[in-house]
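Below, each chain spelled out in residue letters.
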Amino acid sequence: MDLFFYQYSYFSVYFIFFSLFPYRNGDGKPSDGMAIYDVIRYGKAVDPID
């Protein structure tokens, strides 16, 4: 059971880190981290799906 919680916490932290890492992909769409950065830095909230 300890191995399950270790794996769960490890991949949760891993997922959160790369989710919040700011970058733009090849189409110019922002990651979640870049979208948050744009809102904090520039005050613009653009839907990345559009």
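Data block above holds the structure.
The shown structure was predicted, so the numbers you read here are calculated from the model rather than taken from an experiment.

Things to note about the overall build of the chain
Turning to step 1, where the next piece is worked out: Counting secondary structure elements, the chain contains two helices and zero strands.
Turning to step 2, where the next piece is worked out: Counting only residues that meet the buried cut, the chain has 12% of its 50 residues in that class.
Turning to step 3, where the next piece is worked out: Carbon and sulfur atoms make up 66% of the accessible area of the chain, which amounts to about 4,600 Å² in all.

A word on the packing of aromatic side chains
Turning to step 1, where the next piece is worked out: Tallied over the entire structure, the rule returns nine aromatic pairs.
Turning to step 2, where the next piece is worked out: Centre to centre, the rings of phenylalanine 17 and phenylalanine 18 are 4.9 Å apart; their planes meet at 80°, and the pair counts as edge-to-face.
Turning to step 3, where the next piece is worked out: Residue classification places phenylalanine 17 among the partly exposed positions, given a relative accessible area of 48%.
Turning to step 4, where the next piece is worked out: Aromatic side chains phenylalanine 17 and phenylalanine 21 sit 6.0 Å apart centroid to centroid with 45° between the ring planes, which places their arrangement in the tilted category.

Re helix 2 (residues 32-42)
Turning to step 1, where the next piece is worked out: Buried within helix 2 are the following residues: Gly33, Met34 and Asp38. The arc enclosing the buried residues of helix 2, seen along the axis, measures out at 135°, which places them on a common side.
Turning to step 2, where the next piece is worked out: Two residues or fewer after helix 2 comes glycine 43, characterised by a positive phi angle close to 75°.

What counts and how
Residues numbered from 1 in each chain as written. Predicted model: local features only at pLDDT ≥ 70, side-chain atom pairs only at ≥ 80, totals over all residues. Heavy atoms only, no water. Helix = DSSP H or I, 4+ residues; strand = E, 2+ residues; numbered from the N terminus. Buried < 20%, exposed > 50% of the residue type's maximum accessible area, 1.4 Å probe, protein only. Areas by Shrake-Rupley, 256 points an atom, 1.4 Å probe, with all protein chains shown as cover. Phe/Tyr/Trp six-rings, centres within 6.5 Å; stacked < 30°, edge-to-face > 60°. Arc of directions from axis to C-beta.

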